[in-house]
Amino acid sequence: MSAIECRNLRKDYVRGEEVIQTLQDVDIDIEAGSFVALMGPSGSGKTTLLNLLAGIDRPTGGTIEIGGQDIGDLNRNGLAAWRSTHVGYIFQLYNLVPVLTAYENVELPLLLHRITAAERHERVADALSLVGLADRHEHYPRQLSGGQEQRVAIARAIVTRPTLILADEPTGDLDRASAANVMDLLVRLNREFGQTIVMVTHDPSTAARAGRTVHLDKGKIVDEPEHAHGHAHDHGEHRK
Amino acid sequence: MNALLRSVPITWKNLSRRTLRTVLTVAGIAVATFLFSFVESMRDGVRRATEAGAAETRLVVYRKNRFCPFTSKLPQSYERTIRDVPGVKSAVPVKIVVNNCRASLDVVTFRGVPDEGFMEDHLQGASLRSGSLADWKSRSDAVIVGSALADRRRLRAGDRFDAAGVRTLVAGIFDSDDAQDQNVAYAHLGFLQETAERGGTGGIVTQFNVEVTDPSKLEDVAAAIDERLAHDQFPTTTRPESAFVARAARDVIALVSFAGIVGWASLAAVFALIANAIALAVRDRVRDHAILQTLGWTGMDIAWMVVLEAGMLGAAGGAIGAVAAYAAIGFAKLNFTMEGVSIGVTSSASVTAIGILLATALGAVAGLAPAWTASRREIVQGFRTA
């Protein structure tokens with residue numbers, strides 16, 4: 001069953017009198033529980049596609065159906081509510097709120113959910129523990145390394161137990177060891193918790209950890225190789 | 001309401017963890033609110049001293065076309081004539097001696113009053129802080145001093161007190177809510193007449209304080225008194241006490257009215273200060289707001305955060321400034337005195353509350369435009385801008 005169905009997806013940007021077609025009639029199906037890497041040169045439309053899937057940008061044309069919901073039907077507030085429940089987003093530059101501690105950053109999405117303070121605390125503690133930062137609750141982003149910041153961002157993305165995790169070059173700003181750590185974590189989330197992950201990357205070795213790679217060029221999907229399944233590859237060499 | 005409630009913790013952290021910015025902004029707002037509250041307290045004192053109440057029963061009979069205690073001279077014998085006017089309940093001859101006829105914050109006013117009756121009645125609405133009425137009665141040079149004057153001159157019961165060429169002994173100190181009493185030393189009428197005029201002018205007083213039986217006939221009684229004395233050697237002008245104070249203190253009232261502009265200008269400063277601080281904060285937090293919206297926070301949540309932060313800054317600065325003004329005024333016990341009448345600058349809970357509420361409301365209003373901008377910005381645009 002497809003978790004994500006995009007049909008005739010288009011996104012244009014207008015700059016002065018020039019119309020830039022960032023995505024052109026993209027059709028893509030992504031199965032529930034799969035791990036998909038989006039690859040392509042700069043300006044190929046990877047991040048734009050990711051933003052459209054996250055509902056933080058609106059398409060110029062076409063439809064996006066996620067978990068049976070056409071997100072084009074949702075208004076601003078509806079889309080925000082849908083995002084808070086169904087999407088976890090991981091940024092390349094972590095994007096933690098600087099005045100909040102690691103714990104408070106992870107807690108942010110849960111403040112929108114009707115759960116008790118005790119349950120909230122338990123979920124935040126579990127998420128931070130899962131990413132190996134159980135001892136960093138009270139640390140501010142400036143007191144963490146890049147790898148640790150990205151792990152906090154991952155904890156924040158998974159704390160609401162979303163069905164879809166979207167990651168925009170999650171290892172792009174990390175050293176090799178930290179990048180391998182983050183990828184191990186994403187693979188684990190996909191394999192153990194069955195979360196659907198769509199990840200943008202420039203790095204072929206990072207993309208190889210995903211179960212499926214989709215190539216984009218000039219706003220179109222090109223030469224997508226077939227995979228037997230969409231689940232992550234557990235490549236030992238990437239753990240170094 | 002949910003949007004407001006869930007915005008509170010993040011707003012609080014934004015304020016409490018950006019200490020320097022918060023402290024500087026709050027300090028600016030506090031100074032402006034202090035100024036506003038101080039000016040409003042002066043205006044409040046003027047209002048209370050000059051606005052006639054429905055229950056006003058007191059008239060002041062003064063020499064016609066005279067406005068200073070040095071020049072208003074009336075025969076004490078007018079007391080009987082005034083008492084005979086229909087509607088007059090009582091008439092008290094008062095001799096006033098001041099050390100300074102100009103407007104000042106340190107004027108000493110002696111009021112010479114009759115030995116019997118007046119002080120007993122007068123002290124009923126006041127409390128004697130120290131000394132006794134018996135001590136006052138037992139010595140001709142004794143005075144009972146209002147608390148503001150006593151505090152300013154550091155007087156205690158038993159002290160010698162010398163001002164305006166009048167040497168007295170402090171027999172008691174009393175507290176009163178009436179600004180006219182706080183700044184006055186009550187002396188024996190006969191003593192003050194002789195001492196102040198170096199003898200030979202006994203029987204001359206400055207004014208008569210008249211109580212009427214029916215407050216609704218205040219103006220009629222005043223007109224009747226002036227009519228009765230119109231063809232005498234010393235014609236009079238009789239006014240309700242509030243109107244008398246307003247006439248005597250007109251220069252100060254004009255200055256205080258002008259100061260009102262300063263008060264409102266300081267509120268404009270509060271508005272500008274908060275608007276500037278919030279506009280800068282919103283610009284600095286474009287990325288944070290985009291992050292929050294990516295996580296599912298709505299534009300309304302962001303707007304509440306901005307308005308709440310502006311309101312909290314206003315409330316904090318307003319509270320500090322208004323309470324500081326309340327304390328400073330209470331401590332300083334300021335009175336403007338001119339031509340023998342006093343206008344008190346007194347701490348008032350209502351002025352303090354108004355200062356806090358206005359600063360809070362102005363803060364919230366100052367946050368509206370930045371809040372609208374922040375709430376309408378598209379997420380992707382926010383990340384690009386950041």
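Rules of the game
Residues numbered from 1 in each chain as written. Chains lettered and ligands numbered in written order. Predicted model: local features only at pLDDT ≥ 70, side-chain atom pairs only at ≥ 80, totals over all residues. Heavy atoms only, no water. Helix = DSSP H or I, 4+ residues; strand = E, 2+ residues; numbered from the N terminus. Rg over C-alpha atoms; globule rule 2.2 N^0.38 Å. Buried < 20%, exposed > 50% of the residue type's maximum accessible area, 1.4 Å probe, protein only. Contact = heavy atoms within 4.5 Å. Salt bridge = Lys/Arg side-chain N within 4 Å of Asp/Glu carboxyl O. Expected span 1.5 Å × (residues − 1). Bend = angle between axes of the 7 residues up to and from the residue. Buried area = accessible area lost by both parts, 1.4 Å probe. Phe/Tyr/Trp six-rings, centres within 6.5 Å; stacked < 30°, edge-to-face > 60°. Pairing = 2+ DSSP bridges. Axes fitted to C-alpha atoms, helices over the stretch in contact; angles between N-to-C directions. Nonpolar A, V, L, I, M, F, W, Y, C, P; charged D, E, K, R; others polar. Domains from an automatic or database assignment. Polar contact = N/O pair within 3.5 Å; in protein donor to acceptor, adjacent residues only side chain to side chain.

Let us look at the overall build of chain A. Along the backbone of chain A there are seven helices and 10 strands. The C-alpha radius of gyration computed for chain A amounts to 18 Å, which stays within 12% of the reference 18 Å derived for 240 residues, consistent with globular compactness. Counting only C-alpha atoms, chain A reaches 50 × 45 × 40 Å along its principal axes. Burial analysis of chain A (240 residues in total) assigns 56% to the buried set. Put simply, of all contacts in chain A between residues at least 6 apart along the chain, 71% involve residues at least 24 apart.

With that settled, the discussion passes to unusual backbone geometry. Residue and element names in this part refer to chain A. The backbone of Asn8 sits at a positive phi, close to 50°, despite the residue not being glycine. Its identity as a non-glycine residue notwithstanding, Lys218 has a phi of 50°, on the positive side. Here Lys218 is to be found in the loop between strand 9 (212-217) and strand 10 (220-222).

So, on to the pattern of salt bridges. Residue and element names in this part refer to chain B. Considering all chains together, one arrives at 28 salt bridges over all chains under this definition. A salt bridge links Arg18 to Asp288, with the nearest nitrogen and oxygen atoms 3.7 Å apart. Here Asp288 lies in helix 12 (residues 286-294) and Arg18 lies in the loop between helix 1 (2-16) and helix 2 (19-50), a separation of 270 residues in the sequence. For Arg18, a relative accessible area of 23% gives the class partly exposed. A relative accessible area of 6% means that Asp288 is categorised as buried. Among the ionic contacts, a cluster of salt bridges with common partners joins Glu40, Arg43, Asp44 and Arg47.

Residues lying three or four places apart along an α-helix face the same way, a consequence of the helix completing one turn every 3.6 residues. For helix 1 of chain B, built from 15 residues, the straight-helix expectation of 21 Å at 1.5 Å per residue is met to within 8% by its first-to-last C-alpha distance of 22 Å. Of all bends in helix 1 of chain B, the biggest is about 35°, found at Val8(B), and the proline Pro9(B) comes one to four residues later. Every buried residue of helix 1 of chain B is listed here: Ala3(B), Leu4(B), Ser7(B), Ile10(B), Thr11(B), Lys13(B), Asn14(B) and Leu15(B). Residues of helix 1 of chain B that are buried make contact with helix 3 (102-107) of chain A together with helix 2, helix 12 and helix 13 (299-332) of chain B.

Moving on, we come to the interface of chain A and chain B. Every contact between the two is made by 26 residues of chain A and, on the other side, 26 residues of chain B. The junction of chain A with chain B conceals about 2,300 Å² of combined surface from both sides, 59% of it contributed by carbon and sulfur atoms. In terms of surface lost to chain B, no three residues of chain A exceed Arg76(A), Val99(A) and Leu112(A), which account for 27% of the buried area on that side. Linking chain A with chain B are three salt bridges, by the criterion used here. The partner of Arg17(B) in a salt bridge is Glu104(A), and the shortest N-O contact between them spans 2.5 Å.

Let's shift gears to the packing of aromatic side chains. Under the counting rule described, the total for this entry stands at seven aromatic pairs over all chains. Here Tyr89(A) and Phe91(A) contribute two aromatic rings whose centre-to-centre distance is 4.7 Å and whose plane-to-plane angle is 40°, an arrangement assigned as tilted. In this structure, Tyr89(A) and Phe91(A) share a single accessibility class: buried. Clustering of aromatic rings is evident, with ring pairs tying together Tyr89(A), Phe91(A) and Phe383(B).

All names here are of chain A. Taken in spatial order, the six strands of this open sheet run 6-7-8-3-9-10, and their pairing is mixed. Since the sheet does not close on itself, it has two edges, and those belong to strand 6 (87-90) and strand 10, each with one partner. The mean inter-strand angle of the sheet, taken between neighbouring strand axes irrespective of direction, is 25°. Relative to strand 6, helix 2 (residues 76-86) is tilted by about 80°, and along the sheet it contacts strand 6 and strand 7 (164-168). The sheet strands contacting helix 6 (residues 176-193) are strand 3 (35-39), strand 6, strand 7 and strand 8 (196-200), and the helix crosses strand 8 at an angle near 150°.

All names here are of chain B. Running from N to C, helix 14 (residues 349-366) and helix 15 (residues 368-376) cross one another at 35°; their axes reach a closest spacing of 4 Å. Seen from helix 14, the contacting residues are Ala364, Val365 and Ala366; seen from helix 15, they are Leu368, Ala369 and Pro370. Across the contact of helix 14 with helix 15, the residue classes break down as six nonpolar, no polar and no charged.

So, about the domain arrangement of chain B. Many structure descriptions define interface size as the accessible area lost when the parts assemble. Residue and element names in this part refer to chain B. Under the domain assignment, chain B is made up of domain 1 (2-50 + 251-385) and domain 2 (65-234). Centre-to-centre, using C-alpha coordinates, domain 1 lies 45 Å away from domain 2. Contact residues are listed per partner, giving 12 residues for domain 1 and 19 residues for domain 2. Carbon and sulfur atoms supply 52% of the area buried between domain 1 and domain 2, which totals about 1,300 Å² over both sides. Our count for the domain 1 to domain 2 interface comes out at zero salt bridges. Here domain 1 is connected to domain 2 by zero residue pairs in polar contact (both at pLDDT 80 or more). Residues belonging to the side of domain 1 that touches domain 2 are distributed by class as follows: five nonpolar, five polar and two charged.

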